[in-house]
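As a plain string of letters, each chain reads:
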Amino acid sequence: MRSVDLRSDTVTLPSEAMREAMAHAAVGDDVFGEDPSVNRLQEMAAELVGKEAALFVPSGTMANLICLLSHSERGDEIYLGDLSHIFLNEAGGSAAVGGLHPRTLCNNEDGTLNIEDIEAAVRPDNVHFPHSRLLCLENTHNRCWGSPLSLEYLENIFELTGRLGLKTHLDGARIFNAALAEDVEVSKLTKGFDSVSFCFSKGLGAPVGSVICGSRKFIQRTARIRKQLGGGMRQAGIIAAGGIYALEHMVKRLAEDHTTARRLAEGIDKIDGLETQLERVRTNILFFDLVDKRLTTSQLLERAATKGVLFLYVGNRRFRMVTHYGLTMEDIDWALKALQEVMATA
Ligand SMILES: Cc1ncc(COP(=O)(O)O)c(C=O)c1O
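This is a predicted model, so every value here is computed, not measured.

Quick word on the site of the ligand
Next up, step 1: Near the ligand the following residues occur: S59, G60, T61, N64, H85, E90, E138, N142, D171, A173, R174 and K202.
Next up, step 2: At 2.8 Å from an oxygen atom of the ligand is found a main-chain nitrogen or oxygen belonging to G60.
Next up, step 3: Between the ligand and D171 there is a distance of 2.7 Å, counted from a nitrogen atom to a side-chain nitrogen or oxygen.
Next up, step 4: About the coverage of the ligand: the protein hides 85% of its 390 Å² of free accessible area.
Next up, step 5: Top element by residues in the shell around the ligand is helix α3 (residues 60–71). It accounts for three residues.
Next up, step 6: Considering only residue class, the shell around the ligand consists of one nonpolar, six polar and five charged.

Laid out in structure tokens, this is it:
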């Protein structure tokens, strides 16, 4: 049966050419630092985001956790958006593994945090308080409709964090989507951060892997923590080669995913009983609400799935769709037609 899977850009499959590159990758033992493909990928990643060094890790979740642990000590307070992936979807790792004290600040619709809220939350040095340590931002912001953060906003952030002595971490799982949407070089968006993580396994279409970038000293610390968490890999060049291929061939094409997302949102906007917010669709992630009360949320999911259209429920009668490599405009139109039929027979 034909299927259009809009649940996430993590469902992308490696192309034949990427598999070929992986099959023939030069490899060595990466825990000894001897895997040429991993070393090359790390150099490429560090250069792209304008940092001294990089470390290849198994997942975006581990990348974020390693960065949080490397910046902080047990009991330190870290500042997170209340809709951030680290806070919502990483199994509370920073508290469970690192003993960190997460303080959430309200995310605006565009994924930003108010400068005043951050300033008000940071604590003076006092025996009653945890140490204020680290601010985490997300770009693009998954739960805020894949919204990109602007350079202007980031400049204001760094003015504040510099003044307050806060470290900064960027969860840049989809940083290339942000750079495209903002029409700036990736390194401009990542420049001021003490650490940056990004993923090869989402829109870039690689099967596994993320990377952490930062100063040489910071990356040395992260290598030890990666080992503690069991993330030291051996002939990891086989998967790193997928990342190299992705950086060389898959970055520019992300623009197609932004175009298909817009077409999808425009189509949904025309379907009776569903509502989206077109102006919020900036990259490859969109949400829509089921306003027709004749259908339950599970009925919508099930009936669409029966027709081969898959997407995710996120609560409050709201659903998420993500466009990605492997979906053509024709797939999008086919999915819209199927959804239209589901709603017409509600
Ligand atoms: C913004 C963001 N950060 C981090 C992650 C975690 O990545 P992984 O699934 O590789 O652990 C995701 C996954 O979807 C994400 O959307």
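Quick look at the pattern of salt bridges
Next up, step 1: Evaluation of the coordinates by the stated rule reveals 22 salt bridges.
Next up, step 2: The partner of R133 in a salt bridge is D76, and the shortest N-O contact between them spans 2.7 Å. Placement of R133 in strand β5 (residues 132–138) and of D76 in the loop between α3 and β3 (77–81) is noted, with a sequence separation of 57 residues between them.
Next up, step 3: Among the charged side chains, a network of salt bridges with common partners joins R2, E330 and D331.

Points about unusual backbone geometry
Next up, step 1: Each neighbour pair has its own omega, and for N139 with T140 the value is -5°, a cis peptide bond.
Next up, step 2: Looking at where T140 falls in the secondary structure, it is placed in the loop between β5 and α7 (151–164).
Next up, step 3: For A91, which is not a glycine, the phi torsion comes out positive at approximately 55°.
Next up, step 4: Topologically, A91 is positioned in the loop between α4 (85–89) and α5 (93–96).
Next up, step 5: Taking relative accessible area as the criterion, A91 reaches 76% and is therefore assigned exposed.

A look at the side chain of T112
Next up, step 1: Structurally, T112 can be placed in the loop between β4 (101–105) and α6 (115–121).
Next up, step 2: What makes T112 buried here is its relative accessible area of 10%.
Next up, step 3: Reaching out from T112, the side chain makes a polar contact with the side chain of D110 at a distance of 2.6 Å.
Next up, step 4: Ignoring anything within four residues of it in the chain, the contact list for T112 reads C106, N107, L149 and Y153.

About the cut-offs
Residues numbered from 1 in each chain as written. Predicted model: local features only at pLDDT ≥ 70, side-chain atom pairs only at ≥ 80, totals over all residues. Heavy atoms only, no water. Near = heavy atom within 4 Å. Polar contact = N/O pair within 3.5 Å; in protein donor to acceptor, adjacent residues only side chain to side chain. Areas by Shrake-Rupley, 256 points an atom, 1.4 Å probe, with all protein chains shown as cover. Helix = DSSP H or I, 4+ residues; strand = E, 2+ residues; numbered from the N terminus. Nonpolar A, V, L, I, M, F, W, Y, C, P; charged D, E, K, R; others polar. Salt bridge = Lys/Arg side-chain N within 4 Å of Asp/Glu carboxyl O. Buried < 20%, exposed > 50% of the residue type's maximum accessible area, 1.4 Å probe, protein only. Contact = heavy atoms within 4.5 Å.

Coordinates in, geometry out; function isn't part of it.
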